[in-house]
Amino acid sequence: MSCLVPLCVSSLWTQGQETPPEKTDNSRHRCLFDRNPHLPTMETEPEKVRVSKAPGADSASYRCSACHGDEAWGPSLPTRGRAKSRSLSASPALASTKEFRRTRSLHGPCPVTTFGPKACVLQNPQTIMRRGCEDFATRPRGVTRLSALPGTSFPAHIQDPASQRLTWNKSPKSVLVIKKIRDASLLQPFKELCVYLMEENNMIVYVEKKVLEDPAIVSDDHFGPVKKKFCTFREDYDDISNQIDFIICLGGDGTLLYASSLFQGSVPPVMAFHLGSLGFLTPFNFENFQSQVTQVIQVQTFLPNDEKLRPQREAAGNAAVVLRSRLKVKVVKELRGKKMAIPNGLSQNGVLAADLDAEVGKRVMQYQVLNEVVIDRGPSSYLSNVDVYLDGHLITTVQGDGVIVSTPTGSTAYAAAAGASMIHPNVPAIMITPICPHSLSFRPIVVPAGVELKIMLSPEARNTAWVSFDGRKRQEIRHGDSISITTSCYPLPSICVRDPVSDWFQSLAQCLHWNVRKKQAHFPEDEDEDEEEAEEEAEAEAAAGEEG
């Protein structure tokens, strides 16, 4: 697995405030000095992580929060030989009355580059760029390079995020087709795609059960034999996250958001066809879907070794892909005597039911969000009044209609309508955008992807707030509840038509008409000649005046 962004080297130790300690203690940076005998040692294996603790008073105090954390891997998913990422929390040092706090990695957790059971990022040496982290990382005096330190393992190169391409470990066999509900214009494309996948590619097609309950599909006798081959599931009841190799979306941007909500862990590659209204996230046209799907799902080894098929063989299965970062959101609510019915032991987002902590009386729910988390005032006529914390520090209080916390992908959605800037999906960042703030100076801001945001109702709030995740799972937030937001290590791999940069600017131009303006006309040539003649006459008159 390739590490796409610097993970730990931008993290610095701070004591009390944001000032670094006078002396550099090598033993405190856990992830750069893994073999220090005075610190816990972590040994990673392909299917498990084993932590052994060496004796020492300071062994539990110093850990890199970017490497050792609580990122949930979802049900039945192995840890794949890497430590989990943790959100920042201030912890007091043992045998000391002062608190040591260390900022998280600015770039957030390293994204998991395995997508579903069979897909991953192609390891292409031509798209490797040199990691420049060693040049600015904090290092002991007299050490010119961190990799020169004994017992350290420091990757010097990283994959270029703008040149990532998809590859398959095995040929994909199961595909999830997501169709926009209640749209009669999509019935024929849906039927053509499913027949093509089943009969010509011998693939197992999963669809949501309510898709096949459409009266137009039920009454179609010609589609009956194909309909019997479908595998169906019900949202919130059936977990299909470990059974899908590939996802195809038919519709608008909402189908991609729905696909993201079905996978709370690793997401299989997504190919989205533009059959909706806007289509900012759906770059493919459906006219020639057979050749486009074939080019994406074919594995090189399954193509004939024919010189005429060399271009197809080199391009097969190696489509460009953009990793759209998601937000890991944790909602902590106080139990107020109301029991919430959870069907079949599953929570609303399809993962295992939330843990209940009987000691503190809290209920914890986790979500993976692709676009944005929106906190608003709901039906109340009062201003929303919420406190926003960044890495444990109160940064502001939002007084207005609400606040939007979005990913770079979501920066072109609700955040753009609220006046925020548009950010390319490859930029590791989190955007905070107020909704109609009652302030003339509250501008949207962009913070590093590695920070942890926490949003709570202010003690002075007159009313409750409401929160939604990609426009779904809307729920009320009361006093004592909290919303923690950070970057997830499970991005959504979206397949590109050409490349991430070209597709993004194409969507800006076609969907949002970015910087569309009638061009300014140039001066006519005769006017230019008249101006030149006038200048020459003026110069001649000036010269004649000087001679006279």
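Residues numbered from 1 in each chain as written. Predicted model: local features only at pLDDT ≥ 70, side-chain atom pairs only at ≥ 80, totals over all residues. Heavy atoms only, no water.

Under an unreviewed UniProt entry, the name given to the protein chain is NAD(+) kinase, and the source organism is Suricata suricatta.

**Q** What am I meant to see in the overall build of the protein chain here?
**A** When helices and strands are tallied, the protein chain shows 11 helices and 29 strands. Across the 548 residues of the protein chain, 48% fall into the buried class. Relative to all contacts within the protein chain whose residues are 6 or more apart in sequence, the contacts with residues 24 or more apart total 71%. (Helix = DSSP H or I, 4+ residues; strand = E, 2+ residues; numbered from the N terminus. Buried < 20%, exposed > 50% of the residue type's maximum accessible area, 1.4 Å probe, protein only. Contact = heavy atoms within 4.5 Å.)

**Q** Teacher, can you tell me more about the nonpolar core here?
**A** Considering soluble globular proteins, one finds that nonpolar side chains tend to be buried as a cluster. Membership of the largest hydrophobic core comes to 39 residues, with the highest contact counts inside it found for Phe190, Leu197 and Phe230. In terms of residues, this core owes the most to one element, helix 2 (residues 187-200), which gives seven residues. Once residues lying within four places of it in the same chain are set aside, the contact partners of leucine 197 are Val175, Val177, Asn202, Met203, Val205, Ile248 and Val293. Counting 29 residues, the second-largest nonpolar core is a separate cluster that includes Val398, Leu453, Ala461 and Phe469. (Core = buried A, V, L, I, M, F, W, Y, C linked by side-chain atoms within 4.5 Å.)

**Q** When you look at unusual backbone geometry in this model, what are you seeing that I'm missing?
**A** In terms of backbone geometry, most residues other than glycine have negative phi values and most peptide bonds are trans. The backbone of arginine 182 shows a phi angle near 60°, a positive value even though the residue is not glycine. The topology assignment puts arginine 182 in the loop between strand 11 (174-179) and helix 2. For asparagine 202, which is not glycine, the phi dihedral falls at a positive 55°. Positionally, asparagine 202 belongs in the loop between helix 2 and strand 12 (204-208). Accessibility expressed as a relative area gives 62% for asparagine 202, which makes it exposed.

**Q** Mind showing me how you'd approach the side chain of serine 507 here?
**A** If you trace the backbone, serine 507 turns up in helix 10 (residues 500-511). On the accessibility criterion, serine 507 (10% relative accessible area) is buried.

**Q** Could you clarify how one ought to interpret empty space enclosed by the protein in this entry?
**A** Applying the stated criterion to the full structure yields two cavities of 30 Å³ or more. In this structure, the second largest cavity spans a volume of roughly 120 Å³. If you trace the second largest cavity, you find 15 residues lining it, with Val322, Arg324, Pro500, Asp503 and Trp504 closest to the centre. Considering every element that reaches the lining of the second largest cavity, the biggest residue donor is helix 10, with four residues. (1 Å grid on protein atoms, 1.4 Å probe; cavity = no way out; pocket = protein on both sides within 12 Å on 5 of 7 lines; lining within 4 Å. Points joined across faces, edges and corners; volume = space filled by probe spheres on them.)

**Q** Is there a simple way to explain a nonpolar patch on the surface in this structure?
**A** A cluster of nonpolar side chains, namely Val501, Phe505 and Trp514, defines an oily patch on the protein surface of about 290 Å² accessible area. On the secondary structure map, phenylalanine 505 appears in helix 10. By relative accessible area, phenylalanine 505 is classed as partly exposed at 40%. (Patch = residues over 30% accessible without salt bridge, like charges linked within 9 Å, V, L, I, M, F, W, Y side chains within 5 Å. Areas by Shrake-Rupley, 256 points an atom, 1.4 Å probe, with all protein chains shown as cover. Salt bridge = Lys/Arg side-chain N within 4 Å of Asp/Glu carboxyl O.)

**Q** For this particular structure, what's the right way to read the sheet that holds strand 7 (residues 119-121)?
**A** Strands pair in a sheet through their backbones, by hydrogen bonds, and they do so in one of two ways: parallel or antiparallel. In space, the three strands of this open sheet follow the order 6-7-10, with antiparallel pairing throughout. In this open sheet, the two strands that pair with only one neighbour each are strand 6 (114-115) and strand 10 (166-168). (Pairing = 2+ DSSP bridges.)

**Q** Help me understand the pairing of strand 23 (residues 429-437), please; the structure alone is not making it clear to me.
**A** Regular strands place their side chains on alternate faces of the sheet. A large share of strand 23 lies buried, amounting to seven of its nine residues. As defined by bridge partners, strand 22 (residues 393-406) adjoins strand 23 across six bridges and the pair is classed as antiparallel. Of the residues in strand 23, the one forming a bridge with glycine 400 is proline 437. Pairing of strand 23 with strand 24 (residues 445-448) involves four bridges; the strand directions are antiparallel. Paired with alanine 429 across the bridge in strand 24 is proline 448.

**Q** What exactly am I supposed to notice about the packing of aromatic side chains here?
**A** For any pair of aromatic rings, geometry is given as the distance between the ring centres together with the angle between the planes. Scanning all chains against the criterion turns up 11 aromatic pairs. Here phenylalanine 190 and phenylalanine 230 contribute two aromatic rings whose centre-to-centre distance is 6.0 Å and whose plane-to-plane angle is 10°, an arrangement assigned as stacked. Of this pair, phenylalanine 190 sits in helix 2 while phenylalanine 230 sits in the loop between helix 5 (224-227) and strand 13 (231-233), and the two are 40 residues apart along the sequence. Aromatic side chains phenylalanine 273 and phenylalanine 284 sit 5.8 Å apart centroid to centroid with 50° between the ring planes, which places their arrangement in the tilted category. With phenylalanine 273 in strand 15 (residues 270-274) and phenylalanine 284 in the loop between strand 15 and helix 7 (289-297), the pair connects residues that are 11 residues apart, well separated along the chain. Note on accessibility: phenylalanine 273 and phenylalanine 284 belong to one class, buried. Within the aromatic cluster, the residues linked to one another by ring pairs are Tyr196, Phe273, Phe284, Phe286 and Phe289. The ring of phenylalanine 223 carries the charged tip of lysine 191 above its face, separated from the ring centre by 5.9 Å. Here the basic side chain of arginine 234 rests over the ring of tyrosine 237, its NZ or CZ set 4.8 Å away from the ring centre. (Phe/Tyr/Trp six-rings, centres within 6.5 Å; stacked < 30°, edge-to-face > 60°. Lys NZ or Arg CZ within 6 Å of the ring centre and 35° of its normal.)

**Q** What is the right way to look at the pattern of salt bridges in this model?
**A** Opposite charge on two side chains permits pairing when their charged atoms draw close. Summed over all chains, the structure comprises 10 salt bridges. The residue aspartate 238 makes a salt bridge to arginine 234 at a minimum N-O spacing of 4.0 Å. Among the residues examined, aspartate 238 registers a relative accessible area of 32% and is labelled partly exposed. Lysine 362 serves as the salt-bridge partner of glutamate 334, at 3.3 Å between the closest nitrogen and oxygen. One end of the pair, glutamate 334, is in strand 17 (residues 327-334); the other, lysine 362, is in strand 19 (residues 362-369), and 28 residues separate them in sequence. Taking the relative accessible area as the measure of exposure, glutamate 334 reaches 34% and is therefore partly exposed.

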